[in-house]
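# Residue-level structural notes
The primary structure of each chain is shown beneath.
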Amino acid sequence: MALVKEYIYQLLSEIPDPEIPVISITDLGVIRDIIIIDEVTIELKITPTYSGCPAMKQIEDDVRKKLIGQGFTSIKINTVFSPPWTTDWINPEAKERLRQYGIAPPEHTTEDKSWLTGKEKVILCPRCKSKNTKLISQFGSTACKALYQCQDCLEPFDYFKCI
Amino acid sequence: MTTQEALFQYALRLGDTNLILGQRLSEWTGHGPFLEEDLALTNIALDITGTAKSLLEYAAQVEGKGRTEDDLAYLRNDRQYLNAQITEQPNGDYAKTIVRQAMIDCFDLYFYTELAKSKDETLSGIAQKSIKEVTYHLRHTTSWLIRFGDGTEDSHNRAQTAVNELWAYTGEMFEMNEVDAILIKEGIAVDLPAVKLKWEKHMSDVLEKATLVKPENVFMHTGSRKGIHTEHLAFILAEMQALPRMYPDAKW
Ligand SMILES: [Zn+2]
């Protein structure tokens with residue numbers, strides 16, 4: 001059973017995030033549990049990144065397609081909300097891939113609440129690594145990102161919000 | 001009323017409140033005062049609509065009559081909706097939208113913080129998720145509210161007008177009925193008077209920073225817990241429900 005579980009996890013790790021294809025859905029940490037019911041039936045527990053993230057439906061469809069292609073005929077997908085998803089679950093290697101893709105990865109852990117009291121975080125420009133960057137908007141092109149601009153190379157860039 | 005019926009009503013009330021607010025905010029999509037603000041409000045609308053989906057999905061499951069969250073959203077009329085009346089109020093100018101949103105974000109932050117402790121695992125999970133999002137929303141809307149109030153004479157006046165107008169709809173957010181009584185006994189629902197104290201303190205602080213006057217002893221509208229609404233709700237539903245009612249088998 002443990003081997004089957006590992007095999008399924010491996011298959012899922014090949015599914016790219018629909019909006020940020022350089023990281024996989026397992027990198028993102030949205031797969032919370034894999035339960036093998038029998039040879040052809042699997043139950044997956046998935047947690048949403050953001051409540052209204054439109055990519056979640058796409059992820060479910062991609063998961064079904066992948067597993068059904070491998071001979072599993074019944075895929076039950078259950079959404080779990082607790083514990084809520086956090087960017088702390090994105091592994092360091094995936095964060096580096098985000099940076100190379102041009103998205104500044106979440107800089108701190110969610111334990112750091114200083115931004116709530118108005119202290120701005122230093123976000124490195126993913127292109128020139130400058131610390132001289134400015135928050136343009138807390139809300140960016142998708143729910144998970146904020147909009148920044150580098151004051152040195154002048155490139156606007158997305159920052160993967162730390163939640 | 002059984003606990004199950006009360007839980008259905010409760011999830012429906014929370015789901016409807018989020019759905020109607022999300023729908024209202026979406027009206028700004030493509031019409032925001034500038035690009036970043038357009039994106040911000042659209043993102044907030046998306047979070048809120050997502051929360052509505054989770055809550056209505058749960059309501060449908062609790063009811064156990066085979067309805068889906070789409071059936072609940074698209075196939076009920078205004079008298080069957082339990083959203084707070086403040087959420088259906090027209091967007092008005094940007095000051096009014098921001099004032100309404102700040103009032104609700106502030107309520108949501110304290111409300112979800114309590115709901116996260118609920119003995120109902122699903123409601124607690126949805127609340128834990130929402131707290132993270134609402135924290136961002138509140139930070140955004142209160143910073144605008146302060147800028148408007150403490151800004152130009154025009155922005156100050158617009159913000160004060162909005163506060164005066166919308167304050168009369170805030171009392172309803174804290175109303176409790178039989179549904180709350182049954183569920184509080186079970187450790188499921190939130191005791192709203194406790195939330196009200198925190199909300200009032202927070203709003204007073206923000207209004208003071210914004211150099212705005214907090215209305216006192218105003219008449220409070222009521223009715224949504226019984227499905228009574230202002231005339232605006234029926235228009236929202238007419239727009240939102242037109243497609244699924246006209247083409248009942250339509251699939252996205
Ligand atoms: Zn740069």
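Quick note: structure is the one above.
Since we're looking at a predicted model, the values are computed, not measured.

### Observations concerning the interface of chain A and chain B
Many descriptions give the size of an interface as the accessible area lost when the pieces come together. Facing 27 residues of chain A, the contacting portion of chain B comprises 21 residues. Summed over both sides, the interface between chain A and chain B buries roughly 2,200 Å², with carbon and sulfur atoms accounting for 63% of that surface. Our count for the chain A to chain B interface comes out at 0 salt bridges. In this structure, the connection of chain A to chain B is made through 8 residue pairs in polar contact (both at pLDDT 80 or more). Here the side of chain A that touches chain B is composed, by residue class, of 15 nonpolar, 10 polar and 2 charged.

### A word on the side chain of Ser-137 of chain A
With respect to the helices, strands and loops of the structure, Ser-137 of chain A is situated in strand β5 (residues 133–137). Under the relative-accessibility criterion, Ser-137 of chain A is labelled buried at 6%. From its side chain, Ser-137 of chain A meets the backbone oxygen of Phe-139 of chain A in a polar contact 3.1 Å long. Ignoring sequence-local partners within four residues, the contact set of Ser-137 of chain A consists of Ala-146 and Leu-147 of chain A together with Glu-36 of chain B.

### Remarks on the sheet that holds strand β3 (residues 74–79) of chain A
Residues and elements named next belong to chain A. One open sheet accounts for 3 strands, arranged β1-β2-β3; its pairing is mixed. If you trace the sheet from one side to the other, it starts and ends with β1 (31–38) and β3, each paired once. On average, each strand axis in the sheet is tilted by 15° relative to the strand beside it, whichever way the strands run. In the sheet, strand β2 (residues 41–46) pairs with β3 via 6 bridges, with the strands oriented parallel.

### A closer look at the state of the cysteines
Using the criterion set out here, one finds 0 disulfides over all chains in the structure. The closest cysteine sulfur to the non-disulfide-bonded Cys-162 of chain A is located on Cys-144 of chain A, 13 Å from its own sulfur.

### What to know about the nonpolar core
Judged by nonpolar contacts, the single largest core of 115 residues is most densely connected at Leu-12 and Leu-67 of chain A together with Tyr-10 of chain B. The residue makeup of this core includes at least three contributed by each of domain 1 (2–85) and domain 2 (90–160) of chain A. Non-local contacts of Tyr-10 of chain B, meaning those with residues more than four positions away in its chain, are made with Phe-111, Leu-115, Leu-123, Val-179, Asp-180, Leu-183, Ala-189 and Val-190 of chain B. Among the nonpolar cores identified, the runner-up in size contains 9 residues, and Ala-146, Tyr-148, Phe-157 and Cys-162 of chain A belong to it.

### Here we look at the coordination of the zinc ion
When a metal holds four donors in a tetrahedron, each ideal angle between them is 109.5 degrees; when it holds six in an octahedron, the ideal angles are 90 or 180 degrees. Residue and element names in this part refer to chain A. Here the zinc ion is held by the protein donor atoms Cys-125 (SG), Cys-128 (SG), Cys-150 (SG) and Cys-153 (SG), which lie 2.3 to 2.4 Å from it. Classification of the site at the zinc ion as tetrahedral follows from its 4 donor atoms and the range of 105 to 116° in their angles at the metal. Of note, the donors binding the zinc ion are all from one chain and are spaced C-x2-C-x21-C-x2-C. Here Cys-125, found in the loop between β4 (103–104) and β5, pairs with Cys-150, found in strand β6 (residues 145–150); they are 25 residues apart in sequence, far enough to count as distant. Taking the relative accessible area as the measure of exposure, Cys-125 reaches 1% and is therefore buried.

The rules we used
- Residues numbered from 1 in each chain as written.
- Chains lettered and ligands numbered in written order.
- Predicted model: local features only at pLDDT ≥ 70, side-chain atom pairs only at ≥ 80, totals over all residues.
- Heavy atoms only, no water.
- Contact = heavy atoms within 4.5 Å.
- Buried area = accessible area lost by both parts, 1.4 Å probe.
- Salt bridge = Lys/Arg side-chain N within 4 Å of Asp/Glu carboxyl O.
- Polar contact = N/O pair within 3.5 Å; in protein donor to acceptor, adjacent residues only side chain to side chain.
- Nonpolar A, V, L, I, M, F, W, Y, C, P; charged D, E, K, R; others polar.
- Helix = DSSP H or I, 4+ residues; strand = E, 2+ residues; numbered from the N terminus.
- Buried < 20%, exposed > 50% of the residue type's maximum accessible area, 1.4 Å probe, protein only.
- Pairing = 2+ DSSP bridges.
- Axes fitted to C-alpha atoms, helices over the stretch in contact; angles between N-to-C directions.
- Disulfide = S-S within 2.5 Å.
- Core = buried A, V, L, I, M, F, W, Y, C linked by side-chain atoms within 4.5 Å.
- Domains from an automatic or database assignment.
- Donors = N, O, S within 2.8 Å, 3.2 Å for Na, K, Ca; no water.
- Tetrahedral: all angles 85-135°; square planar, octahedral: opposite > 155°, others 65-115°.

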